[in-house]
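A closer look at the structure
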Amino acid sequence: MDTVLWVVVPYVCLTVFVVGHFWRYRYDKFGWTTRSSQLYEDRLLRWGSPLFHFGILAVFLGHVMGLGVPKAWTEAVGISEGVYHFLAVSIGAVAGFGTVVGMAILIYRRRTVGPVFSATTKMDKAMYLVLATVIVLGLANTAIANIFGHYDYRDGVSVWFRGIFRFSLHPELMAEAPIGFQLHGLAAMLLFALWPFTRLVHVFSAPLGYLTRPYIVYRSRDTQLGTHRPRRGWDRVN
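Attention here is on the structure that accompanies the text. (Residues numbered from 1 in each chain as written. Predicted model: local features only at pLDDT ≥ 70, side-chain atom pairs only at ≥ 80, totals over all residues. Heavy atoms only, no water.)

1. Remarks on the nonpolar core
Residues Phe52, Met103, Leu131, Val134 and Leu191 are the most contacted members of the largest nonpolar core, which totals 18 residues. Of all the elements in the fold, those that place two or more residues in this core are α2 (43–68), α4 (81–112), α6 (122–148) and α9 (179–194). Counting residues per element, this core draws most heavily on α6, at seven residues. Leave out the neighbours within four places in its chain, and Phe52 touches Gly98, Thr99, Gly102, Met103, Leu106, Leu131 and Ile135. Membership of the second largest hydrophobic core comes to 15 residues, among which are Tyr153, Ile164, Leu173 and Phe181. (Core = buried A, V, L, I, M, F, W, Y, C linked by side-chain atoms within 4.5 Å. Buried < 20%, exposed > 50% of the residue type's maximum accessible area, 1.4 Å probe, protein only. Helix = DSSP H or I, 4+ residues; strand = E, 2+ residues; numbered from the N terminus. Contact = heavy atoms within 4.5 Å.)

2. Considerations on the pattern of salt bridges
When charged atoms on two side chains of opposite charge get close, those side chains can pair. Counted by the stated rule, this structure contains six salt bridges. Among the salt bridges present, the one from Lys71 reaches Asp152, with a minimum N-O distance of 2.7 Å. Taken together, the residues Lys71 in helix α3 (residues 71–76) and Asp152 in the loop between α6 and α7 (157–166) connect sequence positions 81 residues apart. Just as Lys71 is buried, Asp152 falls in that class too. Note that Lys71 and Asp155 form a salt bridge whose closest N and O atoms lie 3.0 Å from each other. Linking Lys71 in helix α3 with Asp155 in the loop between α6 and α7, this pair joins segments that are 84 residues apart in sequence. (Salt bridge = Lys/Arg side-chain N within 4 Å of Asp/Glu carboxyl O.)

3. Focus on the packing of aromatic side chains
Counted according to the given criterion, the structure contains 12 aromatic pairs. Look at Phe192 and Trp195: their rings are 5.9 Å apart centre to centre, the planes differ by 10°, and that puts the pair in the stacked class. When its relative accessible area of 34% is taken as the criterion, Phe192 is described as partly exposed. Taking NZ or CZ as reference, Arg26 lies 5.1 Å from the ring centre of Tyr27, over its face. (Phe/Tyr/Trp six-rings, centres within 6.5 Å; stacked < 30°, edge-to-face > 60°. Lys NZ or Arg CZ within 6 Å of the ring centre and 35° of its normal.)

4. Some points on the side chain of Thr198
By the secondary structure assignment, Thr198 is in the segment after α9. In contact with Thr198, not counting residues within four places along its chain, are Arg24, Met123 and Met127.

5. Quick word on a nonpolar patch on the surface
Taken together, the side chains of Met1, Val4, Val8, Val12, Val16, Trp23, Tyr27, Met123 and Phe197 make up a nonpolar region of the molecular surface, amounting to roughly 860 Å² of accessible area. Top element by residues in the nonpolar patch is helix α1 (residues 2–27). It accounts for six residues. With respect to the helices, strands and loops of the structure, Phe197 is situated in the segment after α9. (Patch = residues over 30% accessible without salt bridge, like charges linked within 9 Å, V, L, I, M, F, W, Y side chains within 5 Å. Areas by Shrake-Rupley, 256 points an atom, 1.4 Å probe, with all protein chains shown as cover.)

6. Focus on the packing of α2 against α4
In contact at an axis separation of 7 Å, α2 and α4 are set at 145° when each is read in the N-to-C sense. As α2 packs across α4, the resulting crossing turns out to be left-handed. In terms of residue class, the contact of α2 with α4 is built from 16 nonpolar, eight polar and one charged. (Axes fitted to C-alpha atoms, helices over the stretch in contact; angles between N-to-C directions. Left-handed = near helix turned anticlockwise from the far one by under 90°. Nonpolar A, V, L, I, M, F, W, Y, C, P; charged D, E, K, R; others polar.)

7. What about α2?
Here α2 contains 26 residues, and its C-alpha end-to-end distance of 38 Å stays within 8% of the 38 Å for a straight helix at 1.5 Å per residue. Turning to α2, its buried residues number three or more, namely Leu44, Leu45, Gly48, Phe52, Gly55, Gly66 and Leu67. (Expected span 1.5 Å × (residues − 1).)

8. Some points on the side chain of His184
Among the secondary structure elements, His184 is positioned in helix α9. Its relative accessible area of 15% is what places His184 among the buried residues. Within the local environment of His184, its side chain forms a polar contact with the backbone nitrogen of Gly138, the two atoms lying 3.4 Å apart. For His184, the residues in contact, after removing those within four places along its chain, are His63, Val134, Leu137, Gly138 and Asn141. (Polar contact = N/O pair within 3.5 Å; in protein donor to acceptor, adjacent residues only side chain to side chain.)

This is the structure in structure tokens:
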């Protein structure tokens, strides 16, 4: 069972993640969008969107640091384990709290603003549910593991995660992890499998075309247009 959960499922979800994005871009380019709803309402969006996006960016960078960088590397540059965990708790808690608040505002907006709710698809609802589960579990694990518990995920979850990409598999490490980390990992893998089929694909879009596209030329408006009758094309110019 451990092999299925922590070896087979991750590779299946990653395969769906990669192939799904290729399929979506190949056959649904017009659907590759956030389907912005700013036109319908912008007061709540003005608060919720920055909180969520900046928070989730900080959470992502924290995961890159915690999962992708081995403990020996941070210790080699002089970051002790105590300093690392202090930064993980303080910065991670602030980023996680901001993400949760921003997401709560966005979900409230999507549910209470009629036109926005009408534009919400079933995949949007599934995505919000899974994303919220991932974020809340991650925030809870950060608090419990670093404040109330003694589990060092850098010796367990991080080694398992890096092993997936190196094909050096250690399913026993996740099997020994606390249940909160296991649920967080499973929810994250489910999110990766759903990713290509939701509005989250916009994460991989960048408006680079704006850097090279030609300028749009506008004709200047006659400043005297409001004071006299506009000249017709066949009138003689004095």
